[in-house]
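What the coordinates show
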Amino acid sequence: MRALIVDDERLARKELMKLLEEHPIIEVVGEAMNADEAVQLVNDLNPDLLFLDIQMPGKTGFQLLEELDSVPLVVFTTAYDEFALKAFEVNALDYLLKPIQPERLSETVAKLAEKERQKTTAVRGPEKKLGLNDQVFVKDGDRCWFVSLSNVRLFESDGNYIKVYFDTNRPMIHKSLNALDEKLDERAFFRASRKHIVNLSWVEGIEPWFNGGLMVRLRGGDKVEVSRRQAAKFKDMMSL
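In this report, we go over the structure that sits alongside the text. (Residues numbered from 1 in each chain as written. Predicted model: local features only at pLDDT ≥ 70, side-chain atom pairs only at ≥ 80, totals over all residues. Heavy atoms only, no water.)

1. A closer look at the packing of aromatic side chains
Short version of the rule: Aromatic pairs are defined between Phe, Tyr and Trp rings, using the six-membered ring for Trp, whenever the two ring centres lie within 6.5 Å; interplanar angles under 30 degrees are classed as stacked, those over 60 as edge-to-face, and all others as tilted. Helix and strand labels come from DSSP, where a helix needs a run of H or I of at least four residues and a strand needs a run of E of at least two; each type is numbered from the N terminus. To sort residues, take the accessible area from a 1.4 Å probe on protein chains only and compare it with the maximum for the residue type: under 20% means buried, over 50% means exposed, and anything in between is partly exposed. A ring has a charge above it when a Lys NZ or an Arg CZ is no more than 6 Å from the ring centre and no more than 35 degrees off the ring normal.
Going through the model one piece at a time under the given rule, you end up with 8 aromatic pairs. With 6.0 Å between their ring centres and 55 degrees between their planes, Phe-155 and Phe-189 make a pair best called tilted. Taken together, the residues span a long stretch of sequence, with Phe-155 in strand β9 (residues 152-158) and Phe-189 in strand β12 (residues 189-191) at a distance of 34 residues. Neither residue differs from the other here; Phe-155 and Phe-189 are each classed as buried. Ring centres of Trp-209 and Phe-210 lie 5.1 Å apart, and the angle between their planes is 65 degrees; on these two criteria the pair is classed as edge-to-face. In this structure Trp-209 comes out as partly exposed when scored by relative accessible area, which is 33%. Members of the aromatic cluster, each reached through a chain of ring pairs, are Phe-62, Phe-76, Tyr-95, Phe-137 and Phe-146. The ring of Trp-202 is capped by Arg-153, whose NZ or CZ atom sits 5.8 Å from the centre of that ring. If you follow Arg-219 out to its NZ or CZ, it ends over the ring of Trp-202, 4.1 Å from the centre.

Written out as structure tokens, the structure is:
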């Protein structure tokens, strides 16, 4: 796995690189001392993994994640355990508290190895679009989440924002539904109407609706109307 280390402390970066020498599954392809450097390196190098500090001069690790279109796997390396746990509904791969202990790092690498195994067995299309195996960073006010797209059952347009439905949460992100639709794998997500994109793996039932449309019921009880224009396409996708 190709990793990028992001930490404003040079000694902390060097210490982590030394510890990672014991784990050949991880190849450190770059290091950054602040968020701006890291964004550029992520775009240039497309790493599989970030070892990310939280408190850095300028932008924080959280603000860095907000600027990324697609978030790699993230392992936080921080001395602020309470701060990190309060800031996140934990969905990051792991937290490593400084000073990093070799035994604790080995546990993290084992998790990474399992993630890499899952990734290599997943079928990916020719275009790199976001599918069920990807995760995204969502921030709404002071609350932040790492969300696996397999857990997002519905996206709903609300003006210049999109409401993201996962678990019992409904955070709002500043993005257009058209822009999001272009990023999502059409084999996993379906544009039901001008206002909705549904996760096909969450569809539980379908019934006829007014004017040739359909009403789709998702696991958990949400109902979404499929427009007449999209109904025929939806039937084809959901049929053998």
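2. So, the sheet that holds strand β15 (residues 214-218)
Our working definition: The pairing criterion for strands is at least two bridges between them, as found by DSSP. Working convention: axes come from line fits to C-alpha atoms, limited for helices to the stretch in contact. Angles between N-to-C directions cover 0 to 180 degrees.
Here we have 3 strands laid out as an open sheet, ordered β14-β15-β16, and antiparallel in their pairing. Lying at the two open borders of the sheet, with one neighbouring strand each, are β14 (203-208) and β16 (223-226). Across the sheet, the mean angle from the axis of one strand to that of its neighbour is 25 degrees, orientation sign disregarded. Judged from the 4 bridges that link them, β15 and β16 form a sheet pairing that is antiparallel. Looking at β16, one finds that Met-215 is bridged to Glu-225.

3. Considerations on the sheet that holds β12
In spatial order, the strands read β11-β10-β9-β13-β12; together these 5 strands make up an open sheet with antiparallel pairing. Two strands lie at the open edges of the sheet, namely β11 (172-173) and β12, each paired on one side alone. In this structure, β12 lies alongside strand β13 (residues 196-199), joined through 3 bridges in antiparallel fashion. Bridge pairing in β13 places Arg-191 opposite Ile-197.

4. Regarding unusual backbone geometry
The omega angle of the peptide bond from Lys-98 to Pro-99 is -5 degrees, so this bond is cis rather than trans. Of note, Pro-99 is situated in the loop between β6 (94-97) and α5 (102-121). Within the chain, Asn-46 stands out as a residue other than glycine whose phi angle is a positive 50 degrees. Here Asn-46 shows up in the loop between α2 (35-45) and β3 (49-52).

5. With respect to the pattern of salt bridges
Oppositely charged side chains may form a pair once their charged atoms are brought near each other. Formally: Salt bridge, as used here, is a side-chain nitrogen of Lys or Arg placed within 4 Å of a carboxyl oxygen of Asp or Glu.
Applying the stated criterion across every chain yields a total of 14 salt bridges. Residues joined in a network through salt bridges with shared partners are Asp-94, Arg-104, Glu-107 and Lys-111.

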